[in-house]
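# Coordinates in review
If you want the building blocks of each chain, they are given just below.
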Amino acid sequence: MKAKNGITRRQFNLSITALGGTALLSRRVLAAITAVGKTKVILVRDATVLDEKGKPKQNVVLKMLDDAVAALTGKKGLDGWKTFLGPKDVVGIKTNRWTYLPTTEAVELALKQRVLDVGVKAQDVAIDDHGVLDNPVFQRATALINARPMRAHHWSGVGSLIKNYIMFSPNPSSWHDDSCADLAGVWSLPIVKGKTRLNVLVMLTPQFHGVGPQNFNPKYVWGYYGLIIGFDPVACDSVGLRIIEAKRRVFFGEERPLAPPAKHITLADTQHHLGTADPSKIEIVRIGYDRDSLI
Amino acid sequence: MLNAPTTVVRSVMLRLAAAVGLALIPVHTSALAADARPDFAGKLPAHVGEWKKPTKPALYDRKTLYDYIDGGAELYLAFGFVGAVTFEYTAGKDDEIKVDIFDMGSPRGAFGAFAHGRESIAAEVGQGSEYGGGLLTFWKYRWFISVLGYPETESKRKAVYELARAIAALISETGSSPVILGALPRPGLVEASVRTFHHHLLQNDYVTISYENPLGIDERTEAVLARYVRPGERHVLMLVDYPTEADAKKGQRGLTESVLGSATVAKKGDGWVGVKRSGKRLVIALDAPSRQIVDHVLSEVP
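Just so you know, these numbers come straight off a predicted model, no measurement behind them.

The helix and strand inventory of chain A stands at nine helices and eight strands. Within chain A, buried positions represent 55% of all 295 residues. Put simply, 71% of the contacts in chain A that link residues at least 6 apart link residues at least 24 apart.

Here it is as structure tokens:
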């Protein structure tokens, strides 16, 4: 059934499921769903974001985040951030501290800066990865920000925003069956459900292929200089995955599917109704550097 | 380090197993797993260049591998992982060389783990190796080894090779490559593309066949994927050896019914796919440019 603005009831419900369900969230949903009923994902890139050692510059990251949030919400500066965060929120920034390709301190601190700027008290914001279940801020969190890099992964195809919440499970390895097919189920755990306010898929130096026990080889990491930002984690992952797949095609000179495939992203949509994976239902808003975007 | 039964004992155990007709794979795996282990902790060099060996290694088994490479453990478990000895040679904060020595239980597992994901082929260390960007991987006998020096520097690269060669020297035995590799036709074979596996999730390395397991690939089957590049065409070949003809027939039926629309040759995506059975073996041509190429590829494997 079509709504007046062209959004189907299912699309609206999917986004509500991904985001939560409060009145505040529904305004965000409407802002992030385009007039043609597509889920909006922001791809922001800046070729100057990395320093000479390949580390991201926090001031450039901050600007990229601000630009992306403005495009996502339709409001500039802090007003954009205030559409999904308020001073009374208790905010957990779920990061990823994998040794070789972390979320990076620059991204973590830039996000924390904006959370504080919105008026959240310093004692009400925390950054954590493996310790989220024991972290008192995460335990009482009213809002989560999900930030991690995308990389080829041994068993789930890619490490994704969806997968980043696996540490909220007391038994993470219990989600590994069938190449992590049902990872989106983690998002229904009470500590998580309905709390995610923003997703930031870090594509500054993504990894498109993995090998060896550490699943890391710098040969397969490249400077993409991007962040993918949205309210819908599945849509963000879907866009990131297409970039990874495109890079594999370019690098290997032929079609080279991820092995195992990243089917948890599709199933997050079709089975778990966490968000939108179908590229035809996603609108990518591009900001900044646009060479070799691969999408 | 643990030193269990000698090579002679292992040999006797294998012969006994064969004599009484026990299933080959489990016996092979368990017998080898009980084999003598090189004393990696004691005999690896205390220093390599400026990098110093830790006082003791970290050890992992099938239950604790998640603690080390959570999320990556399944891949190695699928190849028969038994245990790991890991070291971090350090030369100060954030300056380390990571050494992972994985006991895969058999040469079958070690080769499979090594071949998964590799993009080049060399024999600089062990029975097959690959180096790039600071990462050296190789296999020898039942061991799969990774030595990672990142970020890569010239001195670290030398240290990585020195450590890898020291590990290889401590492994006295060599293992046979999986027998199924011998059935791959040679013309046009891209050697570095060869992948062996025993889990259906690894069947899609080059072409997405299915997210399910229509071929019935499991620990009892031997499967190999390889890419071929020939003048004017390229394709992928997959062979699957089953324990029995009945299993092979079932696998063929699964593929034809769920993937090929009940045909033996069909177009799937941009390429053609075809399958034939030869006794206990399925021969599957993938991503071929035409039906004629499929027929030719299938005819090359007896």
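Check the secondary structure of chain B and you find nine helices and 14 strands. When each of the 302 residues of chain B is scored for burial, the buried share is 44%. Intrachain contacts of chain B at a sequence separation of at least 6 include 57% that bridge at least 24 residues.

The first and last C-alpha atoms of helix H3 (residues 58-73) of chain A sit 22 Å apart over 16 residues, in line with the 22 Å expected at 1.5 Å per residue. Directly after H3 of chain A, the chain includes Gly 74 of chain A, whose backbone phi takes a positive value near 80 degrees.

Here we take up the interface of chain B and chain A. Listed as interface residues are 28 residues of chain B and, on the opposing side, 25 residues of chain A. Top contributing element to the side of chain B that touches chain A by residue count: strand E5 (residues 96-103) of chain B, with three residues. Considered class by class, the residues forming the side of chain B that touches chain A number 11 nonpolar, 10 polar and seven charged.

Take the packing of helix H8 (residues 233-252) of chain A against helix H9 (residues 263-270) of chain A next. All names here are of chain A. H9 packs onto H8 with a crossing angle of 150 degrees between their chain directions and a minimal axis gap of 10 Å. Relative to H9, the element H8 lies roughly antiparallel. Once H8 is placed against H9, the crossing between them reads as left-handed. Only Ile 265, Ala 268 and Asp 269 of H9 make contact with H8, whose side of the interface consists of Val 234, Asp 237, Ser 238 and Leu 241. Counted by class, the contact of H8 with H9 contains four nonpolar, one polar and two charged residues.

Inspection of the secondary structure puts Ala 147 of chain A in strand E4 (residues 143-153). Judged by C-beta crowding, with 26 C-beta atoms within 10 Å, Ala 147 of chain A ranks as buried.

Each neighbour pair has its own omega, and for Tyr 150 of chain B with Pro 151 of chain B the value is 0 degrees, a cis peptide bond. Looking at the secondary structure, you find Pro 151 of chain B in the loop between strand E8 (143-149) and helix H7 (154-170). Of note in this structure, Thr 104 of chain A is not a glycine but carries a positive phi near 90 degrees. When you line up the elements, Thr 104 of chain A lands in the loop between strand E2 (91-94) and helix H5 (105-118). Backbone geometry places Leu 294 of chain A, a non-glycine residue, at a positive phi of 65 degrees.

One finds Ala 68, Val 91 and Leu 227 of chain A together with Trp 143, Ala 164 and Met 238 of chain B to be the most contacted residues of the largest nonpolar core, which totals 164 residues. Counting the residues that make up this core, at least three belong to each of domain 2 (37-170) and domain 3 (179-299) of chain B. Not counting residues up to four positions away in its chain, the partners in contact with Met 238 of chain B are Ala 223, Val 224, Leu 225, Ile 284 and Leu 286 of chain B.

A word on H8 of chain A. With 20 residues, H8 of chain A should cover 28 Å at 1.5 Å per step; its first-to-last C-alpha distance of 28 Å lies within 8% of that length. Trailing H8 of chain A by a residue or two, Gly 253 of chain A shows a phi angle of about 75 degrees, which is positive.

Turning next to the sheet that holds strand E14 (residues 281-288) of chain B. All names here are of chain B. Spatially, the six strands line up as an open sheet ordered E9-E10-E11-E14-E13-E12, and their pairing is antiparallel. Edge positions in the open sheet fall to strand E9 (195-197) and strand E12 (265-268), since each of these has one partner strand only. Across the sheet, the mean angle from the axis of one strand to that of its neighbour is 20 degrees, orientation sign disregarded. Bridge count between strand E13 (residues 271-278) and E14: six bridges; the pairing is antiparallel. Across the sheet, Val 275 pairs through a bridge with Ile 284, a residue of E14. Contacting strand E11 (233-241), E12, E13 and E14, helix H9 (residues 291-299) crosses the sheet at an angle of about 150 degrees to E14.

All names here are of chain A. The N-to-C vectors of H3 and H5 enclose an angle of 55 degrees; their axes lie 9 Å apart at closest approach. Classified by the angle between their axes, H3 and H5 sit oblique to one another. Relative to H5, H3 is oriented so that their crossing is right-handed. Contact residues: Gln 58, Val 61, Leu 62 and Leu 65 in H3; Ala 106, Val 107, Leu 109, Ala 110, Leu 111, Gln 113 and Arg 114 in H5.

Residues and elements named next belong to chain B. Mapped onto the fold, Glu 233 is located in strand E11. Sequence-wise, Glu 233 and Arg 291 are 58 residues apart; in three dimensions their C-alpha atoms are separated by 12 Å. Residues in contact with Glu 233, not counting those within four places in the same chain, are Pro 289 and Ile 293.

Right, let's get into the pairing of E13 of chain B. All names here are of chain B. Pairing geometry for E12 and E13, over four bridges, is antiparallel. Residue pairing in the sheet places Lys 267 in a bridge with Trp 272 of E13. Counting the residues between successive antiparallel strands, the hairpin from E12 to E13 contains two residues, one of them, Gly 269, with a positive phi of roughly 65 degrees. Between the antiparallel neighbours E13 and E14 lie two residues, among them Gly 279 with a positive phi of about 65 degrees.

Okay, the confidence of the model for chain B next. Residues and elements named next belong to chain B. For chain B, per-residue confidence averages 87 on the pLDDT scale, and 88% of positions sit at 70 or higher. Counting interchain partners and residues more than four positions distant, the pLDDT-below-50 stretch residues 1-34 has 37 contacts. Both scores are available for the predicted complex, with the pTM at 0.81 and the ipTM at 0.74.

Rules used throughout
- Chains are numbered independently. Their residues run from 1 in the order of the written sequence.
- To read the labels, note that chains go from A and ligands from 1, taken in the order they are written.
- Only residues with pLDDT of at least 70 get local features here, since the model is predicted, and only at 80 or more are side-chain atom pairs given and counted; chain-wide, interface and lining totals rely on the full set of residues.
- The helix count covers DSSP runs of H or I at least four residues long, the strand count covers runs of E at least two residues long, and both are numbered beginning at the N terminus.
- Neighbour density around each residue's C-beta defines its exposure: 20 or more other C-beta atoms within 10 Å make it buried, 12 or fewer make it exposed, and counts between make it partly exposed, where C-beta atoms are placed from the backbone.
- A residue pair is marked as a contact if its C-beta atoms, positioned from the backbone, fall within 7 Å.
- Expected helix span is taken as 1.5 Å per residue step, with the number of steps being one fewer than the number of residues.
- For this classification, Asp, Glu, Lys and Arg are treated as charged, while Ala, Val, Leu, Ile, Met, Phe, Trp, Tyr, Cys and Pro are nonpolar and the rest, including Gly, are polar.
- Think of each axis as a best-fit line through the C-alpha atoms, taken over the contacting stretch in the case of a helix, with angles from 0 to 180 degrees between the N-to-C directions.
- For this classification, under 35 degrees means roughly parallel, over 145 means roughly antiparallel, 65 to 115 means roughly perpendicular, and everything else is oblique.
- Each crossing is labelled by how the near helix is turned from the far one, with a counterclockwise turn of less than a right angle marking it left-handed and a clockwise turn marking it right-handed.
- Each nonpolar core reported here comprises buried Ala, Val, Leu, Ile, Met, Phe, Trp, Tyr and Cys residues connected via C-beta atoms within 7 Å.
- Residue ranges for the domains originate in an automatic or database domain assignment.
- The criterion for strand pairing is that DSSP finds at least two bridges linking the strands in question.
- Per-residue confidence from the predictor is reported as pLDDT, which spans 0 to 100.

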